[in-house]
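These are the residues of each chain, in order.
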Amino acid sequence: MIDDSKIDRLDRFGKALLSKRQKAIQARKKSGIEEIWDQDSEYYEGIDDANRGEVSTSITKNLVDRGGYSRVNRKRTGSNVFMNITKQYTDIAAMSLADMLLPIDDANFEVRPTPKPATMELLQVKPVDVGVVMYKNQQMPIAQFEETIKQDAKNKAEEAQKQIELIKDNL
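Rules of the game
- Residues numbered from 1 in each chain as written.
- Predicted model: local features only at pLDDT ≥ 70, side-chain atom pairs only at ≥ 80, totals over all residues.
- Heavy atoms only, no water.
- Core = buried A, V, L, I, M, F, W, Y, C linked by side-chain atoms within 4.5 Å.
- Buried < 20%, exposed > 50% of the residue type's maximum accessible area, 1.4 Å probe, protein only.
- Helix = DSSP H or I, 4+ residues; strand = E, 2+ residues; numbered from the N terminus.
- Contact = heavy atoms within 4.5 Å.
- Phe/Tyr/Trp six-rings, centres within 6.5 Å; stacked < 30°, edge-to-face > 60°.
- Patch = residues over 30% accessible without salt bridge, like charges linked within 9 Å, V, L, I, M, F, W, Y side chains within 5 Å.
- Areas by Shrake-Rupley, 256 points an atom, 1.4 Å probe, with all protein chains shown as cover.
- Salt bridge = Lys/Arg side-chain N within 4 Å of Asp/Glu carboxyl O.
- pLDDT = per-residue confidence, 0-100.
- Pairing = 2+ DSSP bridges.
- Expected span 1.5 Å × (residues − 1).
- Axes fitted to C-alpha atoms, helices over the stretch in contact; angles between N-to-C directions.

Visitor: Is there a simple way to think about the nonpolar core in this case?
Guide: Nonpolar side chains tend toward joint burial in soluble globular proteins. Formed by Val125, Val133, Tyr135, Met140, Phe145 and Ile149, the largest nonpolar core amounts to six residues. Taken together, the elements giving at least two residues each to this core come down to β2 (132–135) and α5 (142–170). With residues near it in sequence (within four places) discarded, valine 125 still touches Val133, Met134, Tyr135 and Phe145.

In structure tokens:
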């Protein structure tokens, strides 16, 4: 059973977490970012003040639910045109960024060895003398051992990269 001190600590932690969350919510409301996001979403969907009551999308429903704006039935006095160029430019920018960050014809990552590999081989090393170790039944200076470990890590990373490329090519 849980003792009272743990329950008390958990209760204090929950209250502290709730307080931080409420402060974050208030700071976000105070910053005005919600209104900016709503306005950006409206421009992306092609909604402006003139056609707001005529548009019905999931975004407008969410904005109405959050109190973003209300639908007011107004008399039509003529045509309202809102040239929606925001969506096209936003989509083009997103596609360009995706092409730069995630190229189709080239690998978007590589496997490299760590600068200081910590492998199971380190457990197999036995000190023989000061500055000399026994590794794979060979005595070698520590500097040579470190170089051997780094070279092994490099070889393993290159082999892993080859395996990934083979899998990618077969897809």
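Visitor: Before we go on, may I ask you to explain the packing of aromatic side chains in this structure?
Guide: Describing an aromatic ring pair means giving the distance of the ring centres and the angle of the ring planes. Inspection of the entire model under this criterion finds one aromatic pair. Taking 5.0 Å as the distance between ring centres and 75° as the angle between the ring planes, the aromatic pair formed by tyrosine 135 and phenylalanine 145 counts as edge-to-face. Here the residue tyrosine 135 occupies a position in strand β2, and phenylalanine 145 occupies one in helix α5, the gap between them amounting to ten residues. Residue classification places tyrosine 135 among the buried positions, given a relative accessible area of 2%.

Visitor: Just to check I follow, could you spell out a nonpolar patch on the surface for this structure?
Guide: On the surface, a nonpolar cluster with roughly 580 Å² of combined accessible area is contributed by Met83, Ile85, Tyr89, Ile92 and Met95. Within the secondary structure, methionine 83 sits in the loop between α3 (58–65) and α4 (86–101). On the basis of relative accessible area, methionine 83 is assigned to the exposed category, the value being 63%.

Visitor: Would you explain the confidence of the model for the chain in this entry?
Guide: Caution applies to low-pLDDT regions: their predicted coordinates should not be interpreted in detail. Residues at a pLDDT of 70 or more form 76% of the chain, whose mean pLDDT is 80. Per-element averaging of pLDDT across the chain places α3 at the bottom with 54 and helix α1 (residues 4–31) at the top with 93.

Visitor: Explain the pairing of β2 here, please?
Guide: Strand residues, when the strand is regular, have side chains that alternate between the two faces of the sheet. Residues Val133 and Tyr135 point to one face of β2 and are all buried, whereas Val132 and Met134, pointing to the other face, are not buried. Judged from the three bridges that link them, strand β1 (residues 126–129) and β2 form a sheet pairing that is antiparallel. Bridging across to β2, proline 127 finds its partner in valine 133. Between β1 and β2, which pair antiparallel and follow one another directly, the connecting turn spans two residues, one of which, glycine 131, has a positive phi of 80°. As paired strands, β2 and strand β3 (residues 138–141) are joined by four bridges and run antiparallel to one another. Within β3, the position partnered with methionine 134 by the bridge is glutamine 139. Hairpin geometry of β2 and β3 is characterised by an intervening segment of two residues between the two adjacent antiparallel strands and by a positive phi of about 55° at lysine 136.

Visitor: When you look at α1 in this model, what are you seeing that I'm missing?
Guide: Residue pairs three or four apart in sequence face the same way in an α-helix, which turns once every 3.6 residues. For α1, spanning 28 residues, the distance from its first C-alpha to its last is 40 Å, which sits close to the expected 40 Å at 1.5 Å a residue. Directly after α1, the chain includes glycine 32, whose backbone phi takes a positive value near 85°.

Visitor: I would appreciate a short explanation of the sheet that holds β2 in the present structure.
Guide: Read across the open sheet, the three strands follow the order β1-β2-β3; overall the sheet is antiparallel. Single-partner strands in this sheet number two, and they are β1 and β3. With strand direction ignored, the average angle separating the axes of adjacent strands in the sheet is 40°. Against the sheet, α5 engages β2 and β3, with an angle of about 105° to β3.

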